[in-house]
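Coordinates in review
Here is what each chain is made of, one letter per residue.
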Amino acid sequence: MAFDDVKRVRVGDLEVAFREAGQGDPVVLLHGWPFSSLTWRKVVPGLSAFARCIAPDLLGAGGTQGDPARDHGITAQRDLVLEFLDSLGLGPVTLIGHDSGGT
């Protein structure tokens, strides 16, 4: 599957959209606000030669939409990412964040 293709996984009451490319040890790429997983489109081709690159759309961004009244703060984003990793059955990962995704 190409990085341009969007996958979805159920995380609690949400469907989290994500993009994935490559094989090997997982590297999770977190975008900042108000961006999406496409932030990583120029990084993934080189990185995916060595790693499994996984880039979710965080809550309220890209293809991961929920109730606009829902908390979209840093703690809610953290919880979503942890549940996302669990839903994919991932153990330890390398985490790379851009902008507020680094928080």
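The notes below deal with the structure included here. Starting afresh in each chain, residues are numbered from 1 along the sequence in its written order. Only residues with pLDDT of at least 70 get local features here, since the model is predicted, and only at 80 or more are side-chain atom pairs given and counted; chain-wide, interface and lining totals rely on the full set of residues. Processing note: side-chain calculations cover all non-hydrogen atoms of the structure and skip hydrogens and water entirely.

1. Describing the overall build of the protein
Assigned secondary structure in the protein consists of two helices and five strands. Against the compact-globule benchmark of 13 Å for 103 residues, the protein has a radius of gyration of 13 Å, which places it among compact chains. Considering only C-alpha atoms, the protein reaches an extent of 40 × 25 × 25 Å along its principal axes. Classification of the 103 residues of the protein by burial places 39% in the buried group. Any two residues whose heavy atoms approach within 4.5 Å are treated as being in contact. Considering only intrachain contacts with a sequence separation of at least 6, the fraction spanning at least 24 residues in the protein is 69%. For the accessible areas, the method is Shrake-Rupley and the probe is 1.4 Å, while residue cover comes only from the protein chains on display. Working note: accessible area of the protein is about 5600 Å², and carbon and sulfur atoms make up 53% of it. Each helix is a run of H or I in the DSSP string that is no shorter than four residues. Each strand is a run of E no shorter than two, and both are numbered from the N terminus. A radius of gyration in this sense is built from C-alpha atoms; the matching globule rule multiplies 2.2 Å by the number of residues raised to 0.38. Only protein chains enter the calculation, and the probe is 1.4 Å; a residue is then buried if its accessible area is under 20% of its type maximum, exposed if over 50%, and partly exposed in between.

2. Observations regarding the side chain of D57
Locating D57 in the fold gives a position in the loop between β4 (52-56) and α2 (74-87). Although D57 lies buried, it forms no salt bridge, and the closest oppositely charged side chain, R19, sits 4.9 Å away as judged by the N-O distance. Pairs of N or O atoms within 3.5 Å make up the polar contacts considered here, provided that, within protein, one atom can donate a hydrogen while the other can accept it, and that residues adjacent in sequence are counted only when both atoms are side-chain atoms. Only 2.8 Å separates the side chain of D57 from the backbone nitrogen of G63, close enough to count as a polar contact. If near-sequence neighbours (up to four positions away) are discounted, D57 is found in contact with V16, A17, F18, H31, S36, S37, G62, G63 and T64. Charge assignment: positive for Lys and Arg, negative for Asp and Glu; neither His nor the chain ends contribute. Criterion for a salt bridge: a side-chain nitrogen of Lys or Arg within 4 Å of a carboxyl oxygen of Asp or Glu.

Don't take any of this as a statement about function, it's just geometry.
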